[in-house]
Amino acid sequence: TDLFAEYLNRDAEGYIVVEGNSPRTNVAGVFAAGDCADPHYRQAIVAAASGCKAAMEAEKYIAALG
């Protein structure tokens, strides 16, 4: 996640901080999923589900842009 340090909030261990139980980051339209944002459940199935949530949020964000 060092690549995004200039733009995205990260915790002390370098994980990207997301809003609550969502994949939203501090930058509108940028979503984090999987191992880069989840220090507790770093597993493939959790990452896949997290990626799906991020894709759904991105779709809603783009649709709202008009």
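Up top is the structure these notes are about.
Since this is a predicted model, take the numbers as computed values, not measurements.

Asker: Which residues make up helix H1 (residues 44-65), and what values do they have?
Answerer: Given 3.6 residues per turn, any residue in an α-helix points the same way as the ones three and four places further on. For H1, spanning 22 residues, the distance from its first C-alpha to its last is 32 Å, which sits close to the expected 32 Å at 1.5 Å a residue. Residues of H1 that are buried include every one of Ser 50, Ala 54 and Glu 57, and no others. Looking straight down H1, one finds that the buried residues subtend no more than 65 degrees of arc, so they occupy a single side. Turned more than 90 degrees away from the buried face of H1, the exposed residues are Ala 44, Ile 45, Glu 59, Ile 62 and Ala 63.

Asker: Kindly report on the environment of Ile 45, identifying the contributing residues and their values.
Answerer: Tracing the sequence through the fold places Ile 45 in helix H1. A C-alpha to C-alpha distance of 29 Å links Ile 45 and Glu 6, two positions 39 residues apart in sequence.

Quick notes on the rules
Residues numbered from 1 in each chain as written. Predicted model: local features only at pLDDT ≥ 70, side-chain atom pairs only at ≥ 80, totals over all residues. Heavy atoms only, no water. Helix = DSSP H or I, 4+ residues; strand = E, 2+ residues; numbered from the N terminus. Expected span 1.5 Å × (residues − 1). Buried < 20%, exposed > 50% of the residue type's maximum accessible area, 1.4 Å probe, protein only. Arc of directions from axis to C-beta.

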